[in-house]
Amino acid sequence: RAVRRVLLLGEGNCSFAASLCEAEGTHVVATCYESEEEVSGLRGAAESIRRLRERGAEVVFSVDCTKLKDYFLAEKREFDSIYFNFPHCGRKAGVVKNRELLARFFHSSAEVLAEEGEVHVALCNGQGGTPADQPRREWHNSWQIVAVAAGAGFILSDVHPFKAEAVHGYKCTGYRSQDKSFCVEGALNHIFTRSTPLPCFKPMVYQTELENQTVSFRVPQVLVDKIDRGFLELNSNHPVRTVKEKLTAGLSQAFLVQNTDCYLPLLHQGHLNEVCHSNVFWITLSPEETPSTEEVANEVLFPHVDFCRDTAKSGWVNVQGGCHLSKQYHLRPSLLPYAQAIIQRGAFVPGILTVLSGPVFRKCLITPYSMPVFHEIIFAHAVNRGTENSCIQMLVNNIKTNIHCLHQTVSSSKLSISLQEATSFETNELSDFAAFETQLSKIQYFICVETDTLGCCEKGFCVGVLRTAHFELISSDLVVVLASLNLDLLAMLICGMSDWRMLWTSDTRFLQQFPRGELRLFKSFSLYPPSYVHDVSFWVPDGEQFDEVAFHTIAREVSGEMVVSIQLVDSFQREETGLKSLCYRLTFQSCDKALSRQEVAQMQQRFRKEITQRLGVTLR
């Protein structure tokens, strides 16, 4: 609609509404908690009310901000903006009562706000409890506005100073329920928008090709929303695809480049040498357990997962065609075996830079840069034996140049790229990405990035690896140089994202920041999201090794990736029984959705139940 409908609450003397109604294309509905008689007695109120009515605005009295839908007909409830300046319960009400007021107000606002509308709440300096407040109060002594709003499905999308002097004729009033002004120096205007709802993923069946046969398998629950997102498809504007396309185009200026169009199976058979079984998503062929599609959709049958053993089943596979296939599969954790297979079967052209890309899947610990799924790109180039070092240098220089160019188009912040010898890294210094790569095959170099916008280790953050391999090609004198890069990490570093989960958000505001596939500095639409801490203590089964990766994977699954940190805070062992006790601290926080205290409590309860059933631990 052409006219923007604005609702103002708790207006007092109506001076703010009188100023706002001057804007063209705006229909103002100003409301007051007090009666018309009480409001008219305030200084300047009668004049403001007269101006409002002359401009066609509505003025409504005795309106309770916690019951807004009661005052408006259904067809008049869709407000584009709701303003509530300096809400307060009155008199000397403390922070708890004012939090309760805000909570009820946000729930009420959700019933009369347009789908893409905004809620503006102005608070005095320090009240909100966000880092934007200077000085910032202790959390327990603030109104905790972001956490309170989350309970009604709102996220804080912007915050800026409330400039009373910029609002013509505005005079604040209501200090301790009196016709007195109060200090608004340092006050902040908090702008909230609706959050997309928390996901509730049902078990999913996925079809793919394997050895010229169609197979159906149940997707591990933690990957249900990530298995088939199509980030690298031709019609995608996702920054991960843009980084891939621009990086490949840049390298084509120095190399003859061939993008492989062969199909790379999602499922891999057998075992990868040296790869820890707990780091991959296993899929077990169990025809007798195969449910119908209807059963899966209705959540009748859930996967049996035994994370404590190497033969853990994370899903079934149904084979169409009747031919026997190996019963043990896993989702591909790397594209390296496919690159090696292409080289060995002669589909590889020496002298040409061959490019493979696609999503890969790995179980890993929860950290800001550890991803259970990411998009890998591999560059493979065959050179004469003895010249591989110069090829490595040439390839790295071109990768560095192109990443620098991409970053400079987005940001002026510092970004440096270096090549680190693998022998110079200790195991505990490696990221999960780099540590897993070391299991696949010997690595010569790590490609590391340092930036002043994201925290990195002293030697840089690993975004890729380089290795050489010898194959029986056209000539035994040829050596293949293989460079593997994590496209998701590169997109994060280039666009200034601090949380990998944002790449997978379903909120349309993410991709709107990258029109036509342009790379831009990302601006979060969910500021200062609240975090919640829960501890869990348990006894580990006697004589069994505790699988921490499985523990983290269950946390990812039951929370829908809302757990951002898991820390071991205490452990001890009873001498008389030999039983070992572990205590972990889980921090829950969403990067893009409203997450309430009640929702987190439910996640924690489910997590306690799942680790008991699936890991065999005994809760303390």
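My aim in this report is to walk through the structure given alongside it, one point at a time. (Residues numbered from 1 in each chain as written. Predicted model: local features only at pLDDT ≥ 70, side-chain atom pairs only at ≥ 80, totals over all residues. Heavy atoms only, no water.)

Structural notes on the overall build of the protein
Rules: Think of it this way: any DSSP run of H or I at least four residues long counts as a helix, any run of E at least two long counts as a strand, and we number them from the N terminus. Buried means the residue's accessible area, taken with a 1.4 Å probe over protein chains only, is under 20% of the maximum for its type, while exposed means over 50%, and partly exposed covers the values in between. Contacts are assigned to residue pairs with any non-hydrogen atoms lying within 4.5 Å of each other.
Each helix and strand counted, the protein has 14 helices and 24 strands in total. Here the protein holds 620 residues, and 53% of them are scored as buried. The contacts in the protein between residues at least 6 apart in sequence include a share of 73% that link residues at least 24 apart.

Points about the packing of aromatic side chains
Heads up, the condition is: Put simply, two rings from Phe, Tyr or Trp (the six-membered ring, in Trp's case) pair if the centres are within 6.5 Å, and we call them stacked under 30 degrees between planes, edge-to-face over 60, tilted for the rest. Here, a charge over a ring is recorded when the distance from Lys NZ or Arg CZ to the ring centre is within 6 Å and its angle to the ring normal is within 35 degrees.
Inspection of every chain in the model, using the stated rule, returns 21 aromatic pairs. Arranged with centres 5.8 Å apart and planes meeting at 50°, the rings of F16 and Y83 form a pair that is tilted. Of the two residues, F16 is situated in helix α1 (residues 15–20) and Y83 in strand β4 (residues 79–85); the sequence distance between them amounts to 67 residues. Neither residue differs from the other here; F16 and Y83 are each classed as buried. Both rings, one in F551 and one in Y584, keep their centres 4.6 Å apart while their planes meet at 40°; by these two values the pair is tilted. Here F551 is found in helix α13 (residues 548–559), whereas its partner Y584 is found in strand β23 (residues 580–588), with 33 residues between them in sequence. In this structure Y584 comes out as buried when scored by relative accessible area, which is 3%. When the ring centre of F79 is taken as origin, the NZ or CZ atom of R5, which lies over that ring, is 4.4 Å away.

Let's talk about the environment of N279
Here N279 shows up in the loop between β11 (267–269) and β12 (282–284). A C-alpha to C-alpha distance of 6.4 Å links N279 and C364, two positions 85 residues apart in sequence.

Considerations on the sheet that holds β23
How we decide: Pairs of strands are assigned from DSSP output, requiring at least two bridges between the strands.
What the four strands build is an open sheet, ordered β22-β23-β21-β24; its pairing is antiparallel. On the outer flanks of this sheet lie β22 (563–573) and β24 (618–619), each paired with one strand and no other. Across two bridges, strand β21 (residues 532–540) lies against β24 in antiparallel orientation. Across the sheet, residue F538 finds its bridge partner in β24, namely L619.

Brief notes about the packing of α13 against helix α14 (residues 597–615)
For clarity, the threshold we go by: The axes used here are C-alpha line fits, helices contributing only the stretch in contact, and every angle between their N-to-C directions lies in the interval 0 to 180 degrees. Roughly parallel covers angles under 35 degrees, roughly antiparallel covers those over 145, roughly perpendicular covers 65 to 115, and oblique covers all other angles. Helix crossings get a hand from a simple test, with the near helix turned counterclockwise from the far one by less than a right angle marking a left-handed crossing and a clockwise turn marking a right-handed one. Asp, Glu, Lys and Arg are counted as charged, while Ala, Val, Leu, Ile, Met, Phe, Trp, Tyr, Cys and Pro are counted as nonpolar; the rest, among them Gly, fall into the polar class.
Two elements in contact, α13 and α14, have axes separated by 9 Å at closest approach and are oriented at 140°. The angle between α13 and α14 falls in the class oblique. Along this stretch, α13 crosses α14, giving a crossing that reads as right-handed. The segment α13 lies against α14, with A550, F551, I554, A555, E557, V558 and S559 engaging M603, R606, F607, E610, I611, R614 and L615. Taken together, the residues of the contact of α13 with α14 break down into nine nonpolar, one polar and four charged.

Digging into unusual backbone geometry
For the bond running from Q134 to P135, omega is 0°, close enough to zero to count as cis. Turning to its location among the elements, P135 is positioned in the loop between β5 (113–123) and α5 (145–150). Phi at R516 is positive, roughly 55°, even though this residue is not glycine. Structurally, R516 is set in the loop between α12 (508–511) and β21.

Describing the sheet that holds strand β7 (residues 188–194)
If you walk across this open sheet you meet the seven strands as β3-β2-β1-β4-β5-β7-β6, and the pairing is mixed. Two strands lie at the open edges of the sheet, namely β3 (58–60) and β6 (154–161), each paired on one side alone. Averaged over all pairs of adjacent strands, the angle between their axes in this sheet comes to 20°, without regard to strand direction. Sheet topology places strand β1 (residues 4–9) next to strand β2 (residues 26–31); five bridges connect them, and they run parallel. Within the sheet, the bridge partner assigned to L8 lies in β2 and is A30. On the sheet, helix α4 (residues 95–110) packs against β1, β4, β5, β6 and β7 and is oriented at approximately 155° with respect to β5.

Section: the pairing of strand β18 (residues 445–451)
By the criterion of burial, β18 is predominantly enclosed, with five of the seven residues buried. In this sheet, β18 lies alongside strand β17 (residues 415–421) in antiparallel orientation, the contact comprising seven bridges. Each residue of the ladder has a partner; that of L415, found in β18, is T451. Where β18 and strand β19 (residues 461–469) come together, five bridges link them in antiparallel fashion. Pairing of F446 across the sheet is with V465, part of β19.

That is the geometry; function is a separate question.
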